[in-house]
Every structure is written in structure tokens, then in C-alpha cells.
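Here are the chains, one letter per residue:
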Amino acid sequence: MFRLKNSCLTLCSILLILFVSSCADPDKIGLDLQPTSEIPVVGTIDTFDIQTYTVKEDSLVMYATYKNSIEAPTLYLGSLDDPNVGKSFGGFASQVRVGNTIVSGTSGTFGSVTNPDSIVLSLAYKSYVGDTTLKHSISVYELTESLANDSTYYSGRVFNKSMLPIGHIDDFIPNFTDSISINGVNLAPHLRIPLYQSFGNKIMTATSTQLEAGNFLSFIKGIVVVDSVENGGCMITMYSNSTLNRLTLYYTVGTTPTSYEFVIDGNVVRTSFFHHEYNSDYLDTLSDVSIVTQSMAGLKTKCKIVDLSKLYANGKVAIASAKVKFVTKTGTIDGKYVQHNNLLLLGSDSLGKNTTFIDALESSSYFGGSYDQATTSYTFNIARYLQRTLTNVVDKGQKDYGFYLIAGGSTSNAQRTVLEGGSSVKLIVTYTKVNP
């Protein structure tokens, strides 16, 4: 009986030791039951080249009901000549709505006055890119087509406008630092464009029906503002919901100076448009030494992984990490041209159109894309994209259309980023071989 008990205790002790050992290293459980050739290889690292070249961005949505509900549109005005990219021109179209009720007639809002002392369009500065010391030439036209708040307006839209301008300023140099005194009140730096008195006369002599809030947008459909400058300049961005955004009629009733303000705010349609003239060494299908991402529906970089299918050469793999790093080109960042705070990746379909990038659905800490000042670079984790592409290409026989590197905030800033391309861009992949 005593020997039987000792045998049982010994057997239990051996089983307990084996159990504890197995729990201490769970990754090894069952490995001794597999042939050596079938044991997974953990943490294999490989490097792939990425073919990169610069292409034009698609026309982007600048105004839409859903977009306007998420963020107020940014207004663009300016022209610049970036030595690393080329020329870009920006302008905008906007409705102008009635502020307070207008009462027509000799005893009404304007009294018997039919010509203003002056009429001024004012707009709040947001930021700028380029050379702020050069002179601009700004023209304002009357919009001759109606804008609809339930329509979508794209960055390449050309708007119908009056043949002659309703306002113009030459030799304009923007001042982004000094306040402006209006009737003794100091206001933040902003753009002020004087319009012609004839346009003010058109408004002040309108009928009471035309001046009603519900009819005014049919009478004055809006404005179109454009700019030009030779040999450089800057692109100005402006807030579209600022209280400084208005069209002000200044006039005198008797001996009393007064004014009336028309409003540009979140209740009107306002949308920007762009035109670009790029350096000829971009916009081809050859792998570029320099690659560019540009806001304002400008440029993006097409990327395609070289020899991706070799990952499956010895059987399927599970991707643990796939990181691609883009480094800014030396000498392209200065006080005039600042890199993007973040870049984005988008997929590509068979027509070259942007599609959702699966890794972008993860957290930003996983996906990456923020500018690293220490390394002057942007790094992305594209593990899920790589796994899905491998499955589609190798298992399903589909084509790999690559992906795009694009500007962050493409419709809200005027920045651009120049990066090292070609062999400087590498994809580092960590993976585990999967048993067949």
C-alpha cells in the first residue's frame, strides 16, 4: 500500500513539473510534435524596393453639403512659383448674403443715397505659403451663375463671371502681422479689396423685392476673386467663417457717415479653384529621384512595390509589420515653403482613382504618417495592405495597382513636400512563414 502511494505521488509530481514547464513557454507547446521543416520561422525580415513617380492629383471636392457640415471650406487666393514644383494659381467664388433687413426708399436703409463713398470686400487671413514680399494683382468679378448649397463643387471648376471686374488692386503686398484700424477700432490683419462705386450703385438702386433676403442671391449671385503675380508670390489661405468676411457699403446720409454689411459666412456657398503649371521633369512614368506631394489638388506620388510576390516564393507568410519610410529632400524646406504636418496613403483602382487604404482605418499611432522632425521623414505601417495585396495577386491572380502618397489637408492648406524618391524609398517587412 505504501509503495502504491509513493508511486502515485511520484507520477503526480512528474505531471505537475511537465505542466508548469509547458505553461512557462506556451509558444513551444506542440513544437516537438512537428517535423523540423514545418516549425514556423518567426520574425524573418526582408527589404523591398518601391518604384515611385509623381502624378497629378484628381480634382478634389472643395464644397459639398456633407463636407461643409464637417469643416468650413478654406478660401484660397494667390499665385506662386515654387522652384521645386512649378507655378500654382488659386481663387474662389462665393455668394454674398444680406445681413440685416434692407429697407428701400428715401427713408429706408440707404436714405436717398444711390452711390456709396466706398465699397470694400474684406477677408480674414488664415496662412500663406511662398514669398510675401512680391506684389500681387487682384481682381474681383461678379458671378453670373447661381450657386446651390446642395451641389458639389470641385477644385477644377471654372465659374461664369462678368466680362469686366467690379474691383481691382495692383501692386498689392500682403501684410500678415500688422493690425488694421477701421473707424478707430484695431482689427486683426486681413485682406481688404476696394470695389468700384458702380457695383455699389447697382445694389443701392435695387428694388425692394431684389433686396429681400430670399431674392438677393438671384439679384447678386456672388463674386469671383482671382490673383496673378509674376516671378513668384505667395498662396494665401483665408477662413470662410470669420466675422471679418463681409462686403461693406460705406455711405453718408446727410452729414452722417454710416455703413451696411453684406455677409460671407457658413450660410453661403463658397468654394475655391486651382490651376497648375508644373516643371516638365515631373508627370511621367519613370521612377523619380525627387517626388512631390502638394495640396490644392496638385501633385501626389504613385508607389508600387517591386517583386512583391517573392514573399510567397517558399509558401504563404503572415505579415507582422511592413513599414515604408519617406525622407524629405535636403534644401526644400525653408521659411517660404514648409513641409506637411502629415501625409496620407490611399489605394489605387484600375483607373488610377484614389481608394480607401485599409491600414488607415487603424489608429494613427499604428498607421503613422506624421512628420518626424528629428529624421525629417514620414513612416507608415502598411501590414494589412501588404497581406491583402499578396492574397489578391498570388492567390487570386489579380493585378497590383499600387498606392498613392498624398498631402494631408489637401483642401485646407497650400503646403507641399518634396521627398527623396527612387532607391531611397524602402519597404521593411517582418513576417512569419505559414504551414501549407
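Everything numeric here is computed off the predicted structure, so don't read it as measured data.

A.B. asks: How should I be thinking about the pairing of strand β13 (residues 234-239) in this particular structure?
C.D. replies: Within β13, five of the six residues are buried, leaving the element largely enclosed by the surrounding structure. Pairing analysis gives five bridges linking strand β3 (residues 74-82) to β13, with the strands arranged antiparallel. Residue pairing in the sheet places Tyr76 in a bridge with Thr237 of β13. One ladder, built from five bridges, connects strand β5 (residues 118-130) with β13; its direction is antiparallel. Within β13, the residue paired with Ser127 across the bridge is Thr237.

A.B. asks: Where do I start with unusual backbone geometry in this structure?
C.D. replies: Generally, phi is negative for residues other than glycine and the peptide bonds are trans, each holding for most cases. Its identity as a non-glycine residue notwithstanding, Ala297 has a phi of 55 degrees, on the positive side. Classification of Ala297 by relative accessible area gives buried; the value is 11%. Look at Thr376: it is not a glycine, yet its phi comes out positive at around 45 degrees. Classification of Thr376 as partly exposed rests on a relative accessible area of 27%.

A.B. asks: Which parts of the structure should I look at to understand the pattern of salt bridges?
C.D. replies: Any two side chains of opposite charge can pair if their charged atoms end up close together. Enumeration over the complete set of coordinates arrives at 12 salt bridges. Asp131 is paired through a salt bridge with Lys336; the nearest N and O atoms lie 3.5 Å apart. Here the residue Asp131 occupies a position in the loop between β5 and β6 (136-142), and Lys336 occupies one in the loop between β19 (317-327) and β20 (343-348), the gap between them amounting to 205 residues. Residues joined in a network through salt bridges with shared partners are Glu57, Asp58 and Lys300.

A.B. asks: Help me understand the packing of aromatic side chains, please; the structure alone is not making it clear to me.
C.D. replies: Two descriptors summarise a pair of aromatic rings, namely the distance from one centre to the other and the angle between the planes of the rings. Following the criterion strictly, the structure yields 18 aromatic pairs and no others. Seen from their ring centres, Tyr63 and Tyr153 are 6.3 Å apart, and the 50 degrees between their planes marks the pair as tilted. With Tyr63 in strand β2 (residues 61-63) and Tyr153 in strand β7 (residues 153-154), this residue pair connects regions lying 90 residues apart in the sequence. According to the relative accessible area criterion, Tyr63 is buried, its value standing at 4%. For Tyr153, a relative accessible area of 4% translates into the label buried. Note on Phe159 and Phe273: the rings are 5.9 Å apart at their centroids and 50 degrees apart in plane angle, and the pair reads as tilted. Note that Phe159 is positioned in the loop between β7 and β8 (167-172) and Phe273 in strand β16 (residues 270-278), a separation of 114 residues in sequence. According to the relative accessible area criterion, Phe159 is buried, its value standing at 6%.

Rules of the game
Residues numbered from 1 in each chain as written. Predicted model: local features only at pLDDT ≥ 70, side-chain atom pairs only at ≥ 80, totals over all residues. Heavy atoms only, no water. Buried < 20%, exposed > 50% of the residue type's maximum accessible area, 1.4 Å probe, protein only. Helix = DSSP H or I, 4+ residues; strand = E, 2+ residues; numbered from the N terminus. Pairing = 2+ DSSP bridges. Salt bridge = Lys/Arg side-chain N within 4 Å of Asp/Glu carboxyl O. Phe/Tyr/Trp six-rings, centres within 6.5 Å; stacked < 30°, edge-to-face > 60°.

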